[in-house]
Amino acid sequence: MKNVANIFEKPVVSTMISIFLGFLVAFFILFVTGYNPYEAIVTFFNAIFSKPKFITNVIIKSSPLILTALSAAFAFKTGLFNIGAEGQYIMATIASTVVGLVFNFNPIIQIPLVILSGVLAGAVLGGIVGFLKAKFGIHEVITSIMFNWVSLYLCNYVANSAVFHKPESNGTYPINKSGISMLFYEWKFSEQGRKFLKNNQFLNEVLLKTDLSLNFLIASAVAVITWIIIYKTTIGFELRAVGLNHYAAMNAGIRVRRNIVFSMLVAGALSGLAGALTISGTSNNSVQVLSVFENNGFNGLAVALIAQSSPIGCIFAGLIFSSLIYAGQAMQFKIGIPSEIINIVIGVIVFFIAITRIFPIIVEKLCRRESRNAQ
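The model shown is predicted, which means the values in this text are computed figures rather than measured ones.

A. Structural detail: the overall build of the protein. Assigned secondary structure in the protein consists of 18 helices and zero strands. When the backbone C-alpha atoms are referred to their principal axes, the protein occupies close to 80 × 55 × 35 Å. Within the protein, counting contacts between residues at least 6 apart in sequence, those at least 24 apart form 76% of the total. Split by element, the accessible area of the protein, about 18,900 Å² in all, is 66% carbon and sulfur. A gap of 7 Å separates the mean positions of the 26 positive and 14 negative side-chain charges of the protein.

B. Summary view of unusual backbone geometry. Of note in the backbone geometry, N295 takes a positive phi value of approximately 70 degrees without being a glycine. Mapped onto the elements of the fold, N295 is located in the loop between α14 (256-281) and α15 (296-306). With phi around 65 degrees, S309 is a residue other than glycine that occupies positive phi space. By the element assignment, S309 lies in the loop between α15 and α16 (311-335). Given a relative accessible area of 13%, S309 falls into the buried group.

C. Fine view of the packing of helix α4 (residues 52-77) against α15. In contact at an axis separation of 7 Å, α4 and α15 are set at 65 degrees when each is read in the N-to-C sense. The handedness of the crossing between α4 and α15 is right-handed. Contacts from L65, T68, A69, A72, A73 and F76 in α4 reach N296, G297, N299, G300, L301, V303, A304 and L305 in α15. For the contact of α4 with α15, the class distribution of residues is nine nonpolar, five polar and no charged.

D. Geometry of the pattern of salt bridges. Summed over the entire model, instances satisfying the criterion amount to two salt bridges. Here K133 makes a salt bridge to E140, at a shortest N to O gap of 3.3 Å. Looking at K133, the relative accessible area reads 22%, which means it is partly exposed. Residue class for E140 comes out buried when judged on its relative accessible area of 2%.

E. Region of interest: the side chain of N57. Structurally, N57 can be placed in helix α4. N57 gets classed as buried once you look at its relative accessible area, which sits at 15%. Excluding residues within four positions of it along the chain, N57 makes contact with K209, T210 and Y326.

F. Focus on helix α10 (residues 201-208). Along α10, the residues classified as buried are N204, E205, V206 and L207. Turning to α10, the residues buried within the fold contact α4, α8 (185-189) and α9 (191-198). Looking at where α10 begins, the residue whose side-chain oxygen comes 3.2 Å from the main-chain nitrogen of F202 is N200.

G. The environment of Q88, seen in detail. Topologically, Q88 is positioned in helix α5 (residues 85-102). In this structure, the C-alpha to C-alpha distance between Q88 and G268, residues 180 residues apart in sequence, is 5.9 Å. For Q88, the contacting residues outside a window of four places in its chain are S71, N82, G122, L125, G126, M264, A267, G268, S271 and G272.

H. Structural detail: α16. Between its terminal C-alpha atoms α16 stretches 36 Å, which fits the 36 Å expected from 25 residues at 1.5 Å a residue. Of the residues trailing α16, G336 is marked for its positive phi of about 75 degrees.

I. Molecular detail of the environment of I320. Secondary-structure assignment places I320 in helix α16. Once the C-alpha coordinates of I320 and V12 are considered, the two residues, 308 residues apart in sequence, prove to be 13 Å apart.

J. A look at the packing of aromatic side chains. For the structure on display, the rule yields 16 aromatic pairs. Taking the centre distance of 6.2 Å and the plane angle of 40 degrees together, the rings of F23 and F27 count as tilted. A residue pair is termed a helical-turn pair when its members lie 3 or 4 positions apart in one helix, as F23 and F27 do in helix α2 (residues 11-32) at four residues. Accessibility expressed as a relative area gives 22% for F23, which makes it partly exposed. For the ring pair F103 and F105, a centre distance of 5.5 Å and an interplane angle of 15 degrees mean the geometry is stacked. Since its relative accessible area comes to 35%, F103 is described here as partly exposed. For F105, a relative accessible area of 39% translates into the label partly exposed.

Reading guide: rules and limits
Residues numbered from 1 in each chain as written. Predicted model: local features only at pLDDT ≥ 70, side-chain atom pairs only at ≥ 80, totals over all residues. Heavy atoms only, no water. Helix = DSSP H or I, 4+ residues; strand = E, 2+ residues; numbered from the N terminus. Contact = heavy atoms within 4.5 Å. Areas by Shrake-Rupley, 256 points an atom, 1.4 Å probe, with all protein chains shown as cover. Lys, Arg positive; Asp, Glu negative; His and termini not counted. Charge placed at Lys NZ, Arg CZ, Asp CG, Glu CD. Buried < 20%, exposed > 50% of the residue type's maximum accessible area, 1.4 Å probe, protein only. Axes fitted to C-alpha atoms, helices over the stretch in contact; angles between N-to-C directions. Left-handed = near helix turned anticlockwise from the far one by under 90°. Nonpolar A, V, L, I, M, F, W, Y, C, P; charged D, E, K, R; others polar. Salt bridge = Lys/Arg side-chain N within 4 Å of Asp/Glu carboxyl O. Polar contact = N/O pair within 3.5 Å; in protein donor to acceptor, adjacent residues only side chain to side chain. Expected span 1.5 Å × (residues − 1). Phe/Tyr/Trp six-rings, centres within 6.5 Å; stacked < 30°, edge-to-face > 60°.

Here's what the structure looks like:
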C-alpha cells in the first residue's frame with residue numbers, strides 16, 4: 001500500500017487522474033443535459049485524429065499556450081503570480097505588428113527583428129511589474145491586471161490609428177511578407193505549389209490548410225531551456241530559493257530583489273515570444289480591435305497549473321489544453337454541445353489538480369488503517 005502512496009505522489013499520476021476525473025464529470029453533465037456521451041467522445045477524438053490537418057492545427061494552437069504557461073511557471077518558481085501574461089502577449093503582438101509594418105528588410109533580418117521586438121515588449125512589461133514589486137512592494141497581481149487593460153486599449157488604439165488601420169477591416173494591415181515565418185508561405189499559394197500539393201493529399205492538408213511553422217518546435221526547445229535554467233543553473237537555484245522562502249534566501253546572501261525583477265523579466269519575455277510567433281508564424285499577421293481578452297495568457301495560467309509548473313510538463317499540458325479547445329469547437333458545431341461544457345471540463349481538471357495532494361493523503365490514511373488492522 002505504501003508503494004501505491006508513492007505512485008500517487010508523482011505529479012504525472014495526479015495530473016492524469018485529474019484529467020480523467022474532469023472527463024467523467026463532463027460525461028455526467030452531458031448525460032444529465034440530454035446529450036449522448038458516447039457520441040461526444042467519438043466526435044472529440046475524430047476532431048483531433050481523423051485528419052492530418054486536425055492534428056497539425058492542435059499542435060499549432062498549442063504553441064502560444066506552451067509559452068504563456070512557461071511564463072506563468074517561471075514566475076511561480078520565484079513565488080510570483082504572473083497574471084499579466086495576457087497583457088504581455090498583447091503588447092508583443094502590437095510591437096511585432098508595428099515593426100513588421102514599418103520595416104521591410106530581407107527575411108533573414110526581418111523575421112528575427114519582428115520576433116525580437118515582441119520578446120522585448122513582453123520583457124519590458126514584465127520587468128516593470130517585477131521592479132514595482134521589488135522596489136516598492138506593490139503586489140504583482142495588481143500591476144499585472146492594470147497592464148493587461150493598458151495593453152488591450154493600446155492594441156485598440158494602434159488597430160484604429162490612421163497609420164496602421166486597414167480600411168474596411170477591424171484591425172491593422174498585415175505585416176510585410178518578409179516578416180512571415182510560416183513554412184513555404186509564398187510557394188504553397190503559388191500556381192506551382194498548388195499543382196504539386198494537389199497530387200499529395202497529406203501535404204495538401206498539412207501545408208495548404210494549416211499555418212504550419214516552426215512555432216511548436218521553438219516552444220518545445222524553450223521549454224527544455226527553461227527547465228535547464230531552473231534546475232541546472234545557479235540562477236535557477238536562487239530563483240527557487242526566493243520562491244520557497246525569500247527571508248531565508250536573503251539571509252543566505254541571495255539578492256532577492258534582483259531575482260524578482262529577473263524572474264518577471266524572463267516571464268514577460270516568454271509571453272512576448274508567444275505573441276511574436278503568433279504574428280510572424282500564423283495567418284493572423286495583424287492585431288485586431290479587442291472587445292474582450294482573447295485568453296491566450298489566461299489559458300497559459302491554466303496550462304501551467306495542469307503541468308504543475310513543470311517546464312517540460314507545459315508541452316504536454318499545452319497539447320491537452322489545445323485539444324480540448326479545438327475539439328470542443330468541433331463538438332459544438334457537429335452535435336450542438338455548448339462550448340460551456342468544455343470550459344467545465346477545463347475548470348474541473350484545474351480544480352482536481354489544485355487538490356492533488358489529497359490523493360496521497362487518502363492513500364496514506366488507508367495504509368495506516370491497514371497497518372492497525374494487521375496488528
